[in-house]
Structure formats: structure tokens, C-alpha cells
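Close look at the chain arrangement
In case you want the letters, here they are:
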Amino acid sequence: MGSALEYYDFYIYGLASALIFGPLFFSPLGESGAVIASFATYGVGFAARPFGGVVFGYIGDRFGRKMVLILTIGLMGMASFAIGLLPTFEQAGMLGAVLLVALRILQGLGAGAEQAGATTLISEVAPPRRRGFFASLPFVGIQLGTLLGAGTFALMALADKEVLQGWLWRVPFLASVILIVIAVFIRLRLKETPVFQELEKHKAVVKNPVGQIWKHSKKNVLVGIGLRMGENGNSSVYSALLVSFISLPAGVFPGDKFIGPTGLLIAAGCAAVMVVAFGALSDRFGRVPVYRYGALFQALIALPAFYLVTLGNPALVWAVMVVGIALGVQSMLGPQCAMLPELFGSQHRFTGVALSRELSAVLAGGFAPMIGVALLAATNHSWLVPALYSLVLATISFITTFFTPETNGRDLVVVEDAR
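Throughout this description, residue numbers start from 1 for each chain and increase along the sequence as written. Note on the predicted model: pLDDT of at least 70 is required for a residue's local features to be given, and 80 or more for side-chain atom pairs to be given and counted; whole-chain, interface and lining totals, by contrast, use all residues. Side-chain figures throughout are based on the complete set of non-hydrogen atoms in the structure, without hydrogens or water.

The cut-off we apply is this: UniProt positions are given in the numbering used here, feature names are shortened, and annotations may be inferred rather than shown by experiment.
Within an unreviewed UniProt entry, the label attached to the chain reads Major facilitator superfamily protein, and the organism entered is Arthrobacter nitrophenolicus. Check the Subcellular location (unreviewed entry) section of the UniProt entry for the chain; it says "Cell membrane".

**Details of the nonpolar core**
Applied cut-off: Think of a nonpolar core as a cluster: buried Ala, Val, Leu, Ile, Met, Phe, Trp, Tyr and Cys residues, connected wherever their side-chain atoms sit within 4.5 Å. Think of it in three bands: with a 1.4 Å probe and only protein chains considered, a residue is buried below 20% of the maximum accessible area for its type, exposed above 50%, and partly exposed in between. What counts as a domain boundary in this text is fixed by an automatic or database domain assignment. Two residues form a contact once any of their heavy atoms are found within 4.5 Å.
Judged by nonpolar contacts, the single largest core of 106 residues is most densely connected at Phe 21, Phe 25, Tyr 238 and Leu 242. In terms of domain composition, this core takes at least three residues from each of domain 1 (1–205) and domain 2 (208–405 + 414–418). If near-sequence neighbours (up to four positions away) are discounted, Phe 21 is found in contact with Tyr 13, Ala 16, Phe 26, Ser 38, Ile 83, Leu 100, Trp 169 and Phe 173.

**A closer look at the domain arrangement of the chain**
For the record, the criterion: Throughout, buried area stands for the accessible area (probe radius 1.4 Å) lost by two parts on being put together, summed over both.
By the assigned domains, the chain splits into domain 1 (1–205) and domain 2 (208–405 + 414–418). On a C-alpha basis, the centres of domain 1 and domain 2 stand 18 Å from each other. In this assembly, 61 residues from domain 1 lie in contact with 58 residues from domain 2. Summed over both sides, the interface of domain 1 with domain 2 buries roughly 4800 Å², with 72% coming from carbon and sulfur. The largest per-residue losses of area from domain 1 upon contact with domain 2 belong to Leu 19, Asp 61 and Gln 143, which jointly make up 12% of the total buried on that side.

**Looking at the side chain of Asp 283**
What counts here: Under the DSSP-based scheme used, a helix requires at least four consecutive residues in state H or I and a strand at least two consecutive residues in state E, with every element numbered from the N terminus.
Tracing the sequence through the fold places Asp 283 in helix α15 (residues 259–285). On the basis of relative accessible area, Asp 283 is assigned to the buried category, the value being 15%. In contact with Asp 283, other than residues within four places in its own chain, are Arg 129, Arg 130, Arg 131, Gly 132, Phe 133 and Asn 408.

**Overview of the packing of aromatic side chains**
Threshold: A pair of Phe, Tyr and Trp rings is counted when the ring centres sit within 6.5 Å of each other, with Trp represented by its six-membered ring. The angle between the planes then sorts it: under 30 degrees is stacked, over 60 is edge-to-face, the rest tilted. When the NZ atom of lysine or the CZ atom of arginine is within 6 Å of a ring's centre and also within 35 degrees of its normal, the charge is said to sit over that ring.
Applying the stated criterion to the full structure yields 10 aromatic pairs. Seen in terms of ring centroids, Phe 133 and Phe 134 are 5.1 Å apart; in terms of plane orientation they differ by 80 degrees. Their pairing is edge-to-face. Classification of Phe 133 as partly exposed rests on a relative accessible area of 22%. Judged by centre distance (5.3 Å) and plane angle (45 degrees), the ring pair of Tyr 238 and Phe 306 falls under tilted. Here Tyr 238 is found in helix α14 (residues 218–247), whereas its partner Phe 306 is found in helix α16 (residues 287–309), with 68 residues between them in sequence. Of the two residues examined, Tyr 238 and Phe 306, each falls in the buried class. Every member of this aromatic cluster is reached through a ring pair, and the members are Phe 21, Phe 25, Trp 169 and Phe 173. Here Arg 189 stacks its cationic end above the ring of Phe 185, 3.9 Å away from the centre of that ring. Sitting over the ring of Trp 214, Lys 218 keeps its end group 5.2 Å from the ring centre.

**Considering the side chain of Gln 298**
Using the following cut-off: For this analysis, a polar contact is any N or O atom pair within 3.5 Å, provided that within protein one partner can donate a hydrogen and the other can accept it, and provided that sequence-adjacent residues contribute only side-chain to side-chain pairs.
Within the fold, Gln 298 resides in helix α16. A distance of 3.0 Å separates a polar side-chain atom of Gln 298 from the backbone nitrogen of Val 329. Contact partners of Gln 298, with chain neighbours within four places excluded, come to Asn 234, Tyr 238, Gly 324, Gly 328, Val 329, Met 332, Ser 390 and Ala 394.

**Here we look at the packing of helix α6 (residues 95–125) against helix α17 (residues 314–343)**
Keep this limit in mind: Every angle, taken between N-to-C directions, lies between 0 and 180 degrees, and every axis is a line fitted to C-alpha atoms, over only the stretch in contact when it is a helix. Throughout this description, any angle smaller than 35 degrees is read as roughly parallel, any larger than 145 degrees as roughly antiparallel, any in the 65 to 115 degree range as roughly perpendicular, and the remainder as oblique. Charged means Asp, Glu, Lys or Arg here, nonpolar means Ala, Val, Leu, Ile, Met, Phe, Trp, Tyr, Cys or Pro, and polar covers whatever is left, Gly included.
Interhelical geometry of α6 versus α17 gives an angle of 80 degrees and a closest axis separation of 9 Å. In this view, α6 runs roughly perpendicular relative to α17, as classed from their interaxial angle. In this structure, α6 uses Thr 119, Thr 120 and Ser 123 to contact α17, whose residues at the interface are Cys 337, Ala 338 and Pro 341. When the residues that make up the contact of α6 with α17 are grouped by side-chain class, the tally is 3 nonpolar, 3 polar and no charged.

**Remarks on helix α13 (residues 209–216)**
Along an α-helix, residues three or four positions apart point the same way, because every turn accommodates 3.6 residues. Rules: Taken from the helix axis, the directions to the C-beta atoms give the arc we talk about.
Along α13, the residues that are buried comprise Pro 209, Gln 212 and Ile 213. For α13, the arc enclosing every buried residue in end-on projection is 100 degrees, short of the 170-degree limit, so these residues lie on one face. For α13, exposure combined with an orientation more than 90 degrees from the buried face picks out Trp 214 and Lys 215.

**Quick look at a nonpolar patch on the surface**
In plain terms, the rule: Patch membership requires more than 30% relative accessible area and the absence of a salt bridge. Residues of like charge join within 9 Å; the nonpolar side chains Val, Leu, Ile, Met, Phe, Trp and Tyr join within 5 Å. Here, Shrake-Rupley sampling with a 1.4 Å probe gives the accessible areas, and only protein chains in the shown set may cover a residue. A carboxyl oxygen of Asp or Glu within 4 Å of a side-chain nitrogen of Lys or Arg is what we treat as a salt bridge.
A surface patch of nonpolar side chains, amounting to about 610 Å² of accessible area, comprises Met 1, Val 177, Ile 178, Val 181, Ile 182, Phe 185 and Ile 186. By the secondary structure assignment, Ile 186 is in helix α11 (residues 176–187). Judged by relative accessible area, which is 41%, Ile 186 ranks as partly exposed.

**What to know about helix α3 (residues 30–63)**
Test applied: A helix is expected to span 1.5 Å multiplied by its residue count minus one. Note on bend: at a given residue it equals the angle between the axes fitted to the 7 residues ending there and to the 7 starting there.
In this model, α3 (34 residues) spans 48 Å end to end at C-alpha, consistent with the 50 Å of a helix rising 1.5 Å per residue. At Arg 49, α3 shows its strongest bend, of approximately 25 degrees, with the proline Pro 50 following within four residues. Gly 64, located one to two residues past α3, shows a positive phi value of around 120 degrees.

**Brief notes about the pattern of salt bridges**
Enumeration according to the criterion identifies 8 salt bridges in this entry. As a salt-bridge pair, Glu 124 and Arg 65 come within 2.8 Å of each other at their nearest N and O atoms. Here Glu 124 is found in helix α6, whereas its partner Arg 65 is found in helix α4 (residues 65–83), with 59 residues between them in sequence. The class of Glu 124 is buried, set by a relative accessible area of 6%. For Glu 124, the salt bridge identified is with Arg 349, shortest N-O distance 2.8 Å. Of the two residues, Glu 124 is situated in helix α6 and Arg 349 in helix α18 (residues 349–366); the sequence distance between them amounts to 225 residues. You'll find Glu 124 and Arg 349 in the same group, each marked buried. Overlapping salt bridges, with partners in common, bring together Asp 61, Arg 65, Glu 124 and Arg 349 in one network.

**A few points about the environment of Ala 118**
Secondary-structure assignment places Ala 118 in helix α6. The exposure class of Ala 118 is buried, given its relative accessible area of 8%. A sequence separation of 105 residues divides Ala 118 from Val 223, and the C-alpha atoms of the two residues are 20 Å apart. Every residue in contact with Ala 118, bar those within four places of it in the chain, is listed here: Ser 3, Leu 69 and Pro 138.

What follows is the structure, encoded as C-alpha cells:
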């Protein structure tokens, strides 16, 4: 449920940035400028995530995994709810934009440890031989959140433009309060993981997990960042940048607000199955081989995929989204769910996973749409921009796999990192 809320927020904010926030909050900047500014606020949330990862990672390694998961869901959810109450530029000038940035930062701080907490907790309670399968299950929540977010926007696209920009855009953000209540209710009933209980029992909980990371885990943090570039970056490329690419005035479907969200809806349904399938495959064949071939596949499809988008066929756009997200991205995310916690020792695992995830989220995912839209404007909307962006990100992850230790079946009680 926490993953569902995070990615519900992630996708409604990403889609709103691509389709709605520009004219609502940044209209004086012109059409292209407003979209770039809108995606800049999207990126600001990612920039805040490493800080949330450090703060909540410290709490998770110092005081337990459960506490963090309750704190992050509350912070993230209430910020999303408050976005639905903001005044637009027409109503309050730039005040609305300033508040939007502030709330996006709070969203990012909460999200900075949400997935790290979920993947750490599940990995520490799952049976070692099936850890890839079980650790990928919370990430089904990512697809549920995507389904909810993309489905909501697909339905909203059918509404009259004045109604959509008048009040209807607020509904998805206000509705996030439902997910908050359910997620908090569930998390209050969680038990602390056996690994953390073991650390407490032997008084082995460290007081400064960030210092431990800096001293012992710099290499594995860099490995985690490299692995995430292809997965997280391409998630943003296919879900946010691609939607802008087809719907901008110079795009294949100018002004369209239906094709992109509908494609995400289909892709998310397929991805919910595939992330677990690839997680299970990593239990059988190893984390590194599955990840390596997934990154290679993502790199190989980049150029033909985005060329197909330019042909102007909605079915081809949807096919590209399904292949890119459900196969390309999930073939890396599936093994990654267990691999990142397995890379780090038990005393600083939460912080290590959070830093790896969130530093990469800034570098790969957070500013990808903003940079992509700026490059599109500078290159007369060339399809090579998103294609090469996707290719480079996937290639970085492919190369990183050759520096990654195999972690399948590792004992998570040990305090040393994987080598």
C-alpha cells in the first residue's frame, strides 16, 4: 500500500507536470517554458529524496524499519493531499507555484525512504532461496499506484478542458488521503524484522550508520547508483518524457491527454506481473545475469522503440510503453528488489539502500523529463532525444553489472557488505 501511494503520487504528479501544471501555475512563461518549469518542480522532489534517504535511513538503522515506514507514508501522503488545495497562478500569482515546490520537496523527503524501507523490511523477513520473489512483491504496489494514477488521468482526459483545469485536476491529489489511511492502518500492525531484532539483542545497532556507509560502503553505493540508472531513468523516460513527447504542440498527437495515460495503464497492468516474474528468475539464475540481460535489452530497443512512436499509431505507442516498462524496466527492477539490500551489511543496510536508490533517482529519473523537454525544444522535437537518453542510461547499468558481486542467497544478518 505504501508503494502504491508513492507511485500513485509519482504518476499523478508526473502526468500533471506533463499535461496540466504548466498553464495552471506557470502560464507567464509561455507554453514550452511552462512545461519546462513544471518538470523542474517534478525534479525538485527527486532532489529532496537523498536528504530524506539520509534522515530516514538513519532512523531505520538506528531505531528500526517499522517506525520509518509509518513516518514516510504520513509525510508523503499529506503533502500530496495539500497539493490538491493549492491556489493557481490566476488565483494567487506565483504563491501557488512556490507552495507547489515546497510540497513537492516534502513529498520527496518522504519518498526518499519509502521504497528503501519496504525492500529492506521484506528482504530481511523473506526465506533466502525465494528472496527475489518476495522482495519484488511490494513493488507490485508500484504498478497498482501507476494503474490508479494513469487510470485516473485517462478518465479525466475525457472531461471538458475548462472543467479539468478548473477543479477536476485537484481530485486525484485529494483522493490520496484514502491510501494514507489504509497504509497507516496496515503498518501500525507490522512487526520489526528478525535482523534488526538480532542487532538489538546483541547491542550491535550502530549510532552513526551514515558514517559506516562512508567508511565501508562507498563502492557498493556507487554500484547501486549505476544499477539504478537504467531502471529508474527509463521509468521516467517511458512514463513522463514519452507522454510529453507525443502530446506537446510539435508532438505526434498535439494536445492529446488520453493516449499517454492509457498506454501507462496497459503497461502497468503487465508490469505488475513481470516485476515478480523477473524477481523469481533472479532466485533461479542469479541477480546479476538477469539484471545484465535486462539492461542490454533496454539499450537495444531504445532507437527502434522511439522511432515507432513517430509513426503516429496509438497502438504502436502503447506497444512501446508495454515493452519498455513491463519488459525493459521490470527486468532490472525485479532482481534489484533483493539485490540492493543484499549488497549492504545489516548495521547500515537501510541507509545504504536509501542512498543508492535516491542519489540515482536524482541523477537518472528526477530531471530526465525536464532535460528531455529542453532538448526536444532545442532539436526541433527530434525523436532521437528520448531514444539516446534511454540508450545511455541502460548502457550505464549494463556496464555496472560487470562490477557487481552476485548476492543471491546471502545471509542478511552479517554486518559486512557483499564483495
